[in-house]
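Each chain, written out:
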Amino acid sequence: MTTLLNNRYAILAALAVVIAVLPFTFPSNYYLRVASLVWVSAFAAIGLNVLMGKAGQVSLGHAAFFGIGAYSAAIGPAHLGLPSWASLAIGACISGLLAYFVGRPILRLKGHYLAIATLGFGVLIALVITTESRWTGGPDGMPVAKLTVFGWRIGTAYAWYWLSAAFLLVGAWIALNLDDTPTGRAFLALHDSEVAARVVGIDVAALKLRAFVIAAVYASIAGSLLAMMNGFVNPDLAGFQHSVELVTMVVLGGLGSIVGSIVGAAVLVVLPQALTVFQEYENLMLGFIIIVSMVFMRDGIVPMISKLIARAR
Amino acid sequence: MRHWRREFSRRHIDIGGRYASMSEFLQFFFSGLTVGAVYALVALGFTLIYNASDVVNFAQGEFVMLGGMVTVFASAAGVPLPLAALIAICVAVAVGLLLYWLAIAPARGASAVSIIIITIGASIFLKGGAQVAFDKQFHKLPSFSGDAPIDVLGASILPQSFWVLGGTLAAVLILYVFLEKTLVGKAVLATSANRLAARLVGINTATIMALAFGGSAAIGAIAGILVTPITLTSYDVGTMMALKGFAAAMLGGMGNPLGAVVGGLLLGLLETLGAGYVSSTYKDGFAFVMILVILFAMPQGLLGRRTVDRV
């Protein structure tokens, strides 16, 4: 099991099996929708995990990139007459460029200062989205055109299930492969000791920036996918609470663990859905989960399980 | 939240439009000071906790919310206002202590960012709790001494503004006397200066940290009670309050109590003048632009100390 958790092809194969088998266990389309939501959130969480788990930098404003992606998918077709898939790509480019320029000064900061700067950046983007209502529909949000690829309209729950799952598999594959690239090795060094990494000649600033851009592009693509899937966007997607949820997915699942990000996303997406009966209690539950998981499972779910298994041997 | 903002600007900013430019400026200035005083109290609460325990407490705004909401509901239940306010302060202090004992103390040794996430979790938890225990409506308290505006050099000031400013001044003075003149206060200062050394001279630092959380909660609740007659309150006012208070603390330099007060007043003035003269739709943005500019230009804040990493 521990070797399974460490072998990337085993992880991808297991993920593919889960994705292929799940729909047969679902009694209704509603479950397909929830599962697609998990895949999309997991996609964003995996990107953020590259920044947090690998490069060791936090972002409390990551929903901003998610929001940029979502609103690109909404604004492109509605105001500029662009096809949806091109809007997704443009959104990803905008997010990447923005991350590149904002990341330079922000990533010089450490600890609380980094947290508050990313948070401020996120709140500003959300504020712009809420205020520029001519383009974004303001606080009420706006509808999003359905995705059309080669004349096919992707609209059914099944189509979105497979599409989001395909994106997740590719996203996970890229993130897993990162470990074997020079960038991935440098991340490892940076995570262990920034000073040591610098001493052996790694350009730490450029490395952090690369992680920030990667994470922004992942979040942006996830945002576009969610917007097209739901057919609707609102400013909450870019809001502070969504940023906190994304960070919680990563930390709850386990920093640095790709499987962990998927598990964390599943917990944070499924739990509120399961608790819709107690909709009043949603904030109470979310806060409780965050506190308990941070206090008692500091390593996150997946690393904790693999540690338990290793100890059982 | 939006409703709250609209209400606030209607009461405080638009009034100025009818006057000539100097009195308009004064109008903005006093509004800014009033808002700034509240930010100053929140920032002071931040600083107290940060100094004693290195924790950046994002749940600070929830104390402001609790102060307002508990007072509203207690006085609606027939409790006289001063007693209702006292109950609210006690509730906030109890919550502050529980926050320390149940969430912060058990996480000792976790990274700065983990602790930040815990306090954000606590903030969401308290917001959710207030939503269930109270309701999702906006609530108002009656002004402490009437609603008739007082004319100061052509600007009309609400009497409640003087309560806010006076209350802030009193809170700052009491905190100053406590820290400088009492033995317990000196123990707090010693703990913030050097925790290990404080423990060596026999100070129970765990008690001091709990005290900081309780005191900080009381300061936040007082801010909430004073400002509710002007700005209204609801279960979700805390998040924005915490972010603004944090910006203020940062502006003055983290860990500097005087800086927190100055930073709060500056931020309030900047926001109100910005909303009055530049753009009222981006009013909430000024605080965050400020944070980013200060962090980029002076990563340690206006009055903060430079820290050196030991390898």
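Thresholds, definitions, all that
Residues numbered from 1 in each chain as written. Chains lettered and ligands numbered in written order. Predicted model: local features only at pLDDT ≥ 70, side-chain atom pairs only at ≥ 80, totals over all residues. Helix = DSSP H or I, 4+ residues; strand = E, 2+ residues; numbered from the N terminus. Rg over C-alpha atoms; globule rule 2.2 N^0.38 Å. Buried ≥ 20, exposed ≤ 12 C-beta atoms within 10 Å, placed from the backbone. Contact = placed C-beta atoms within 7 Å. Expected span 1.5 Å × (residues − 1). Nonpolar A, V, L, I, M, F, W, Y, C, P; charged D, E, K, R; others polar. Core = buried A, V, L, I, M, F, W, Y, C linked by C-beta atoms within 7 Å. Axes fitted to C-alpha atoms, helices over the stretch in contact; angles between N-to-C directions. Parallel < 35°, antiparallel > 145°, perpendicular 65-115°, else oblique. Left-handed = near helix turned anticlockwise from the far one by under 90°. pLDDT = per-residue confidence, 0-100.

Looking at the overall build of chain A
Okay, step 1: Of regular secondary structure, chain A possesses 15 helices and 4 strands.
Okay, step 2: Taking 2.2 N^0.38 as the reference for a compact globule, 313 residues should give roughly 20 Å; the C-alpha atoms of chain A span a radius of gyration of 19 Å, in line with that estimate.
Okay, step 3: Dimensions along the principal axes, computed over C-alpha positions, put chain A at roughly 50 × 45 × 40 Å.
Okay, step 4: Burial analysis of chain A (313 residues in total) assigns 50% to the buried set.
Okay, step 5: Intrachain contacts of chain A at a sequence separation of at least 6 include 78% that bridge at least 24 residues.

A look at the overall build of chain B
Okay, step 1: Along chain B, the regular secondary structure elements total 12 helices and 2 strands.
Okay, step 2: What you see in chain B, going N to C, is helices and strands ordered as α-α-α-α-α-β-β-α-α-α-α-α-α-α.
Okay, step 3: Among the 311 residues that make up chain B, the fraction classed as buried is 52%.
Okay, step 4: Excluding contacts between residues fewer than 6 apart, the proportion of contacts in chain B whose partners are at least 24 apart in sequence is 75%.

Points about helix α11 (residues 257-277) of chain B
Okay, step 1: Counted at 1.5 Å a residue, the expected span for α11 of chain B with its 21 residues is 30 Å, and the 30 Å between its end C-alpha atoms agrees.
Okay, step 2: Extensive coverage of α11 of chain B is indicated by the burial of 15 of its 21 residues.

Comments concerning the interface of chain B and chain A
Okay, step 1: Chain B puts 38 residues into the contact, and the matching count from chain A is 36 residues.
Okay, step 2: Within the residue set of the side of chain B that touches chain A, elements represented by two or more residues are α5 (112-133), α10 (238-252) and α12 (285-297) of chain B.
Okay, step 3: For the side of chain B that touches chain A, the element with the highest residue contribution is α5 of chain B, accounting for 16 residues.
Okay, step 4: Taken together, the residues of the side of chain B that touches chain A sort by class into 27 nonpolar, 8 polar and 3 charged.

A look at the nonpolar core
Okay, step 1: If you look at the biggest cluster of nonpolar residues, it comprises 206 residues, and the most contacted ones within it are Val42 and Ala247 of chain B.
Okay, step 2: Not counting chain neighbours up to four residues away, the residues in contact with alanine 247 of chain B comprise Leu267, Ala287, Phe288, Met290 and Ile291 of chain B.

Overview of the packing of helix α12 (residues 240-253) of chain A against helix α13 (residues 258-274) of chain A
All names here are of chain A.
Okay, step 1: Running from amino to carboxyl end, α12 crosses α13 at an angle of 125 degrees, the nearest separation of the two axes being 7 Å. As the angle between them shows, α12 and α13 are arranged oblique. Of the two elements, α12 crosses α13, and the hand of that crossing is right-handed. For the pair formed by α12 and α13, the contact residues are Glu245, Thr248, Met249, Val250, Leu252 and Gly253 on the first element and Gly260, Ser261, Ile262, Val263, Gly264, Ala265, Val267 and Leu268 on the second.
Okay, step 2: Looking at the contact of α12 with α13 residue by residue, the class counts come to 8 nonpolar, 5 polar and 1 charged.

With respect to the environment of arginine 8 of chain A
Residues and elements named next belong to chain A.
Okay, step 1: Along the polypeptide, arginine 8 turns up in helix α2 (residues 8-25).
Okay, step 2: The partly exposed category is assigned to arginine 8, around which 15 C-beta atoms lie within 10 Å.
Okay, step 3: Distance from arginine 8 to alanine 172, taken between C-alpha atoms, is 9.3 Å for residues 164 residues apart in sequence.

Things to note about the packing of helix α7 (residues 183-193) of chain B against helix α9 (residues 205-231) of chain B
Residues and elements named next belong to chain B.
Okay, step 1: Packing of α7 against α9 brings their axes to within 10 Å, and their N-to-C directions diverge by 105 degrees. Here α7 is positioned roughly perpendicular relative to α9, judged by the angle of their axes. Here α7 contributes Ala187, Val188 and Thr191 to the contact with α9, which in turn contributes Thr205, Ile208, Leu211 and Ala212.
Okay, step 2: Considering only residue class, the contact of α7 with α9 consists of 5 nonpolar, 2 polar and no charged.

Details of unusual backbone geometry
All names here are of chain B.
Okay, step 1: In this structure, aspartate 54 is a non-glycine residue whose phi angle is positive, near 65 degrees.
Okay, step 2: Turning to its location among the elements, aspartate 54 is positioned in the loop between α2 (21-53) and α3 (60-76).
Okay, step 3: On the basis of neighbour counts, which here come to 15 C-beta atoms within 10 Å, the residue aspartate 54 falls in the partly exposed class.
Okay, step 4: Phi is positive for leucine 232, close to 70 degrees, though the residue is something other than glycine.
Okay, step 5: Structurally, the position occupied by leucine 232 is in the loop between α9 and α10.

Focus: the confidence of the model for chain B
All names here are of chain B.
Okay, step 1: Averaged over all residues, the pLDDT of chain B equals 84, while 89% of them reach at least 70.
Okay, step 2: Looking at the elements of chain B, mean pLDDT is at its lowest for helix α1 (residues 2-12), recorded as 46, and at its highest for helix α4 (residues 81-104), recorded as 95.
Okay, step 3: Scored below 50 in pLDDT, residues 1-19 makes 29 contacts in the model with residues more than four places away or belonging to other chains.
Okay, step 4: Per the prediction output, this complex has pTM 0.86; the corresponding ipTM is 0.82.

Some remarks on the environment of glycine 201 of chain A
All names here are of chain A.
Okay, step 1: With respect to the secondary-structure elements, glycine 201 resides in the loop between α10 (194-199) and α11 (204-230).
Okay, step 2: By the C-beta count within 10 Å, which is 7 here, glycine 201 ends up exposed.
Okay, step 3: Residues glycine 201 and alanine 186 lie 15 residues apart in sequence; the distance between their C-alpha atoms is 9.8 Å.

Some words on α13 of chain A
Okay, step 1: For α13 of chain A, which comprises 17 residues, the first-to-last C-alpha distance of 24 Å matches the rise-based estimate of 24 Å (1.5 Å per residue) to within 8%.
Okay, step 2: For α13 of chain A, every residue scored as buried is listed here: Ile258, Val259, Gly260, Ser261, Ile262, Val263, Gly264, Ala265, Ala266, Leu268 and Val269 of chain A.

What about the confidence of the model for chain A?
Okay, step 1: When the pLDDT values of chain A are averaged, the result is 87; 97% of them are 70 or greater.
Okay, step 2: Per-element averaging of pLDDT across chain A places helix α1 (residues 2-6) of chain A at the bottom with 58 and α11 of chain A at the top with 94.

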